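Descriptive analysis of the structure
The chain contents come next:
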Amino acid sequence: MVPGVLLLALLLAGDGSLAVHRGQYLRSFPVHPVNDPCYDEDRPRRCTPDFVNAAFGVPIEASSTCGQGKPARFCNMKEATDGTHAGGRSGLVESSCEICDEADATKRYSALALTDVHNTNNVTCWRSEPRSGTLDAGPDNVTLTLSLGKKFELTYVSLMFCPHAIRPDSMAIYKSADYGKNWLPFQFYSSQCRKLYGRPTKATISPSNEQEARCVDHNRYSVDGVQGSRIAFSTLEGRPSAPDFDNSVILQDWVTATDIRVIFHRLQPASGGGGGGGSSSLAKSQSTELLGGGKFGGVPKKAADFLTHPRDAGSPGVGSGVLTYALSDFAVGGRCKCNGHASRCVKGADDKLECDCKHNTAGRDCERCKPFYFDRPWGRGTMRDANECKGKSLTVFRRGLGSCEKNSNEFECPD
Ligand SMILES: [Ca+2]
């Protein structure tokens, strides 16, 4: 044999042995990557995406922004409390006034500041246009809408107010679980819960009303001071089934959201503090209308009712036309919702966020079984049971192999 041919023969032999080894390698390789949190070796187990601030870097739509269109003047306020409790507000003291102007980077208060990096040494703020503070101007609502683009299961919604900004007297947090078609109340804050939102202050949640929004007098119950402070709504706090969340479909629905909307209804409490009511006759007539309760009487309430809520009597004389709603950070803590069947969410072909589904599940939220895996009904993956979708009894025909194999998910076997 000439040396060249020998070399070729050796090379071919080498290739052949490599092919054998490759085959063995493939056979011994586990079906799922070693570090896949959705599998314990080959056994499926419940898996969830990481806990994140789902709002981070997501643009928020604001119905009003200071300095947009034309520069405006706003004032920071210092709040003077009289030391007594119940509402805790006895007046506002103007501290300093500034100009907002979106054309000037140093005077810009855009909604992008709501979801940027929150650095306590360099706080960036969104501000609403200065509120008129008069009844003639109509409803004083300002709305912030966050669209997550995917179902998430939320643990909290946190709003950080700007330094020297007053915390609004009355505001509501809503959620949508269907990409903004329907809105449900998540939480209310007011010094006059019953009057504005038709709910008692800090109602107790029982097992029969676990997906009802509560109203909290945040001024009364806050311990962290009034100015520049944070409001954090914990979605499961005080809800009896929270320790058994895995098995509570009601709470799983309750924490599910695709969108979060915050509506500031009233910047200042009605004159007279916590329970006072309006001072003008117009204010009184509006209060009476609200107290009548027809509009806010029953539950569940439609978000639309609140969206058209007439402005209640504020304190028209105080800081008229210069006060703003001002937030430095809007955060929502939670996990991308994959029903226990994925450990991460990824951008899909349509550039939308979707679960990287395992356990033979499919859908943006792994909310159904893959085709041909219907041997048992779909179920949410839990600590006790990953509820993998199965297709064991399905007999299929693999094209090209000429034989019937189970689970190959291609063609049904011919009889
Ligand atoms: Ca910020």
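Bear in mind the structure is a predicted one, so any value in this text is a computation, not a measurement.

Observations regarding the overall build of the chain
Of regular secondary structure, the chain possesses six helices and 21 strands. Here the chain holds 415 residues, and 38% of them are scored as buried. Here the contacts in the chain between residues at least 6 apart in sequence split such that 68% fall between residues at least 24 apart.

Considerations on the confidence of the model for the chain
Considering every residue of the chain, the mean pLDDT works out to 76; 65% of them sit at 70 or more. Segment residues 83–90: pLDDT under 50, and 22 contacts once partners within four positions in sequence are set aside and those in other chains are kept.

Some points on the environment of Ala-103
Inspection of the secondary structure assignment puts Ala-103 in the loop between strand E6 (91–100) and strand E7 (126–127). The class of Ala-103 is exposed, set by 11 C-beta atoms lying within 10 Å.

Focus: unusual backbone geometry
Of note in the backbone geometry, His-359 takes a positive phi value of approximately 60 degrees without being a glycine. Checked against the element boundaries, His-359 lands in the loop between strand E16 (353–355) and strand E17 (361–362). By C-beta crowding, His-359 is classed as buried, having 27 other C-beta atoms within 10 Å. Positive phi, close to 60 degrees, is recorded for Asn-360, a residue that is not glycine.

Description of the pairing of strand E9 (residues 170–176)
Of all the seven residues making up E9, seven are buried; the element is thus mostly covered by neighbouring parts of the structure. Here E9 shows no split at all, with Ser-170, Ala-172, Tyr-174 and Ser-176 on one side and Met-171, Ile-173 and Lys-175 on the other all buried. Bridge count between E9 and strand E13 (residues 256–266): seven bridges; the pairing is antiparallel. By the bridge assignment for E13, Ser-176 is matched with Asp-259. Two strands pair when backbone bridges link them, and E9 and strand E10 (residues 184–189) are joined in this way by five bridges, in the antiparallel orientation. The residue of E10 that forms the bridge with Tyr-174 is Pro-185.

Digging into the nonpolar core
The biggest cluster of nonpolar side chains holds 69 residues, and the ones touching the most others in it are Trp-126, Leu-327 and Phe-330. Tallying contributions element by element places strand E8 (residues 142–161) first for this core, with ten residues. A domain-level breakdown of this core finds at least three residues from each of domain 1 (51–62 + 129–269 + 321–336) and domain 2 (341–394). Residues within four places of Leu-327 in sequence aside, it is in contact with Leu-114, Cys-125, Trp-126, Leu-159, Met-160, Phe-161 and Cys-162.

Notes on the environment of Ile-99
Secondary-structure assignment places Ile-99 in strand E6. On the basis of neighbour counts, which here come to 13 C-beta atoms within 10 Å, the residue Ile-99 falls in the partly exposed class. Between the C-alpha atom of Ile-99 and that of Gly-67, which follows or precedes it by 32 residues, the distance is 7.8 Å. Filtering out sequence-adjacent residues up to four positions away, Ile-99 remains in contact with Pro-71, Arg-73 and Lys-107.

What about the pairing of E8?
The pairing of strand E4 (residues 60–62) with E8 spans three bridges and is classified as antiparallel. The residue bridging Glu-61 from the neighbouring strand is Thr-145, located in E8. For E8 and E13, the ladder comprises eight bridges, and the chain directions are antiparallel. By the bridge assignment, Thr-143 is partnered in E13 with Ile-263. Note that E8 and strand E14 (residues 326–336) share nine bridges and pair antiparallel. Paired with Met-160 across the strands is Asp-329, a residue of E14. Bridge count for E8 against strand E12 (residues 230–234) is five bridges, and the pairing is antiparallel. Bridging across to E12, Met-160 finds its partner in Arg-230.

Quick notes on the rules
- All residue numbers refer to positions counted from 1 along the written sequence of the respective chain.
- Under the rules for a predicted model, residues below a pLDDT of 70 receive no local features and side-chain atom pairs below 80 are neither given nor counted, while totals for whole chains, interfaces and linings still include all residues.
- Helix numbering and strand numbering both begin at the N terminus, where a helix is a DSSP run of H or I of at least 4 residues and a strand a DSSP run of E of at least 2.
- Exposure classification rests on a simple neighbour count of other C-beta atoms within 10 Å of a residue's own: a residue reaching 20 or more is buried, one at 12 or fewer is exposed, and one in between is partly exposed. C-beta atoms are placed from the backbone.
- Here the contact rule is simple: place C-beta atoms from the backbone, and any two residues whose C-beta atoms are within 7 Å are in contact.
- The pLDDT value expresses, per residue, how confident the predictor is, ranging between 0 and 100.
- Two strands are counted as paired when DSSP detects at least two bridges linking them.
- Note on terminology: a nonpolar core is any set of buried Ala, Val, Leu, Ile, Met, Phe, Trp, Tyr and Cys residues joined through C-beta atoms within 7 Å.
- Either an automatic procedure or a domain database provided the assignment from which the domain bounds are taken.

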